[in-house]
Amino acid sequence: MKSSERGFTLIEVLISITIMAMASGAAGAAIFQIMRNTERNSDHMTVVRQVENAGLWISQDALMALSVNATASLTPPDFLALSWITWDANGGNPVYHSARYFFEGLTNGVGALKRNHTSTAGANEYSLIAQYIYYDTSNVDNTSNASYQSPILTVKITSLV
């Protein structure tokens, strides 16, 4: 090549292509790792929110409860039963309420926790409380359960991604 000509030699081009390929590979691996971690974190946050929601509903009902039946005294898929009394605004007549928590759609021990609220005033409401909840009576140490030793109600909710 003449000294007045400018350009790159074949070796310089090959080295620059190799460096670019390595940088692109590293960037691609980093993006893949970020995407995988983002999905895992999103799944983790979903199940945490499900457990928090179950805790909110159960604690609201438990604060009003006069009677409690926990997992040990119930037949699966029933999980927890709470009863309480309120008084209506028209003369203070008692209204009897009950909330039954139960599992539905269990597949490999994972299903939805639902709530059925009934009252003598005519309420008969079903609510989805939480999804991805683990309930397997053969796995006593890890499953969701509830126990009641007056005056303490202990509820363990296990959720799986």
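This is a predicted model, so every value here is computed, not measured.

> Could you clarify how one ought to interpret the pairing of strand β4 (residues 110-119) in this entry?
Looking along a regular strand, one sees the side chains alternate between the two faces of the sheet. Within β4, seven of the 10 residues are buried, leaving the element largely enclosed by the surrounding structure. Relative to β4, strand β3 (residues 94-107) runs antiparallel, the two being bridged by nine bridges. Counted as the bridge partner of Phe-102 is Lys-114 from β4. Taken together, β3 and the strand that follows it, β4, pair antiparallel across an intervening segment of two residues, in which Asn-108 is found at a positive phi of about 55°. Two strands pair when backbone bridges link them, and β4 and strand β5 (residues 124-134) are joined in this way by eight bridges, in the antiparallel orientation.

> Explain the sheet that holds strand β2 (residues 78-87) here, please?
Taken together, five strands build an open sheet; the order of strands is β1-β2-β3-β4-β5 and the sheet is antiparallel. Edge positions in the sheet fall to β1 (67-69) and β5, since each of these pairs with one other strand and no more. Between one strand and the next, the sheet's axes are offset by a mean angle of 15°, whatever the strand orientation.

> What am I meant to see in the nonpolar core here?
Core analysis: the largest hydrophobic core is formed by 18 residues, its most contacted members being Ile-58, Phe-79, Leu-80, Tyr-101, Leu-113 and Ile-157. For this core, the secondary structure elements donating two or more residues are α1 (10-64), β2, β3 and β5. Element by element, the count of residues in this core is highest for β2, at four residues. Other than its neighbours up to four places away in sequence, Leu-80 contacts Ile-58, Val-68, Asn-69, Ala-70, Leu-74, Ala-99, Arg-100, Tyr-101, Ala-146, Leu-153 and Val-155.

The rules behind these values
Residues numbered from 1 in each chain as written. Predicted model: local features only at pLDDT ≥ 70, side-chain atom pairs only at ≥ 80, totals over all residues. Heavy atoms only, no water. Buried < 20%, exposed > 50% of the residue type's maximum accessible area, 1.4 Å probe, protein only. Helix = DSSP H or I, 4+ residues; strand = E, 2+ residues; numbered from the N terminus. Pairing = 2+ DSSP bridges. Axes fitted to C-alpha atoms, helices over the stretch in contact; angles between N-to-C directions. Core = buried A, V, L, I, M, F, W, Y, C linked by side-chain atoms within 4.5 Å. Contact = heavy atoms within 4.5 Å.

Interpretation note: all reported values are geometric properties and have no functional meaning in isolation.
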